[in-house]
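Inside the fold
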Amino acid sequence: MKLWIAILCLVALGSSSSHAAIGKVTEQLNTPPSIQRANQTLSGAKGTGVEMNDAIRTQQGKVGITFEDDTRVQVNENSKLIIDDFVYDPKSKAGKLGAKIALGTVRYASGQIAKNSPQNVAVSTPTATISVRGTDFTASVDELGQSTIILLPSCPDDRNKSRTKDDIEKNCKVGEIIVESDAGI
């Protein structure tokens, strides 16, 4: 009888396991964000894993998240990002990524999925859908749900280097995004 109870407990524990981490918090400034995962709220301190369906909400801090395919997002103060979908095969460097910017400002920098399967990346806001074609952009959503999307140059990650106009022109590239809203494309 005790053996059956032990086996049932192990089966119950195994069936309630959560999804695997698809990325992690790699930068955190000031107050850690909260991560809403199913029915629990976690602290999003540096090193915390993120999973599909997580909602990351910042208050008085900023957070950087790096996904398994090297996609990077920075969630600024008073912002909310929801990770809808993430599947990645490191061998083929292909997969699928879907995220929703519900409030505030988020910077997105493409990883392998956008570089190898750009049609499989979609970032949405309450008023727009952004199809990414291997680049960087910011999206801001105000309290009324209105969105502002800005295409940015993709530059090598060298944070300690001050950039000149010449340096940006030589070392950075501007990719492409397609923004679709009720107003058109």
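Residues numbered from 1 in each chain as written. Predicted model: local features only at pLDDT ≥ 70, side-chain atom pairs only at ≥ 80, totals over all residues. Heavy atoms only, no water.

1. A word on the overall build of the protein chain
- Along the backbone of the protein chain there are three helices and 15 strands.
- Across the 185 residues of the protein chain, 35% fall into the buried class.
- Across the protein chain, the fraction of contacts at a sequence separation of at least 24, relative to all contacts at a separation of at least 6, is 47%.
- Total accessible area on the protein chain stands at roughly 10800 Å², and carbon and sulfur atoms take up 53% of it. (Helix = DSSP H or I, 4+ residues; strand = E, 2+ residues; numbered from the N terminus. Buried < 20%, exposed > 50% of the residue type's maximum accessible area, 1.4 Å probe, protein only. Contact = heavy atoms within 4.5 Å. Areas by Shrake-Rupley, 256 points an atom, 1.4 Å probe, with all protein chains shown as cover.)

2. Points about the pairing of strand S13 (residues 147-154)
- Pairing of strand S12 (residues 136-141) with S13, which is carried by six bridges, proceeds in the antiparallel orientation. Residue Ser140 lies in a different strand from S13, and its bridge partner there is Thr148.
- The hairpin turn running from S12 into S13, its antiparallel successor, is five residues long, and Gly145 in that turn takes a positive phi close to 90°. (Pairing = 2+ DSSP bridges.)

3. Concerning the packing of aromatic side chains
- All chains considered together, the criterion is met by three aromatic pairs.
- A centroid spacing of 5.3 Å and a plane angle of 25° characterise the contact between Phe67 and Phe86, whose relative ring orientation is stacked. Of this pair, Phe67 sits in strand S6 (residues 61-67) while Phe86 sits in strand S8 (residues 80-89), placing them 19 residues apart in sequence. Residue Phe67 shares its accessibility class with Phe86, and that shared class is buried.
- With a centroid separation of 5.1 Å and an interplanar angle of 25°, the aromatic rings of Tyr108 and Phe137 are classed as stacked. Within this pair, whereas Tyr108 is found in strand S9 (residues 94-109), its partner Phe137 is found in strand S12, the two being separated by 29 residues in sequence. There is no split in this pair, since Tyr108 and Phe137 are both buried.
- Put simply, the rings of Phe67, Phe86 and Tyr88 pair up and form one aromatic cluster. (Phe/Tyr/Trp six-rings, centres within 6.5 Å; stacked < 30°, edge-to-face > 60°.)

4. What about the nonpolar core?
- Counting 29 residues, the largest nonpolar core has Tyr108, Val132 and Phe137 as the members making the most contacts within it.
- Within the residue set of this core, elements represented by two or more residues are S6, strand S7 (72-75), S8, S9, helix H2 (112-116), strand S10 (121-124), strand S11 (128-132) and S12.
- Of the residues forming this core, the biggest block, five residues, is contributed by S9.
- Those residues within four positions of Tyr108 in sequence are excluded, and the remaining contacts are Thr71, Arg72, Val73, Leu97, Ala114, Val121, Val123, Val132, Thr135, Asp136 and Phe137. (Core = buried A, V, L, I, M, F, W, Y, C linked by side-chain atoms within 4.5 Å.)

5. With respect to empty space enclosed by the protein
- Summed over the entire model, instances satisfying the criterion amount to one cavity of 30 Å³ or more.
- For the largest cavity, the calculated volume is near 90 Å³.
- Lining the largest cavity are 13 residues, with Val73, Leu81, Ala99, Tyr108 and Val123 positioned closest to its centre.
- Elements with a minimum of two residues in the lining of the largest cavity: S8 and S9.
- Counting residues per element, the lining of the largest cavity draws most heavily on S9, which supplies six residues. (1 Å grid on protein atoms, 1.4 Å probe; cavity = no way out; pocket = protein on both sides within 12 Å on 5 of 7 lines; lining within 4 Å. Points joined across faces, edges and corners; volume = space filled by probe spheres on them.)

6. Topic: the confidence of the model for the protein chain
- Per-residue pLDDT for the protein chain has a mean of 85; in total, 84% of the residues score no lower than 70.
- Within the model, pLDDT remains below 50 along residues 1-18, and this stretch shows one contact once partners closer than five positions in the same chain are excluded. (pLDDT = per-residue confidence, 0-100.)

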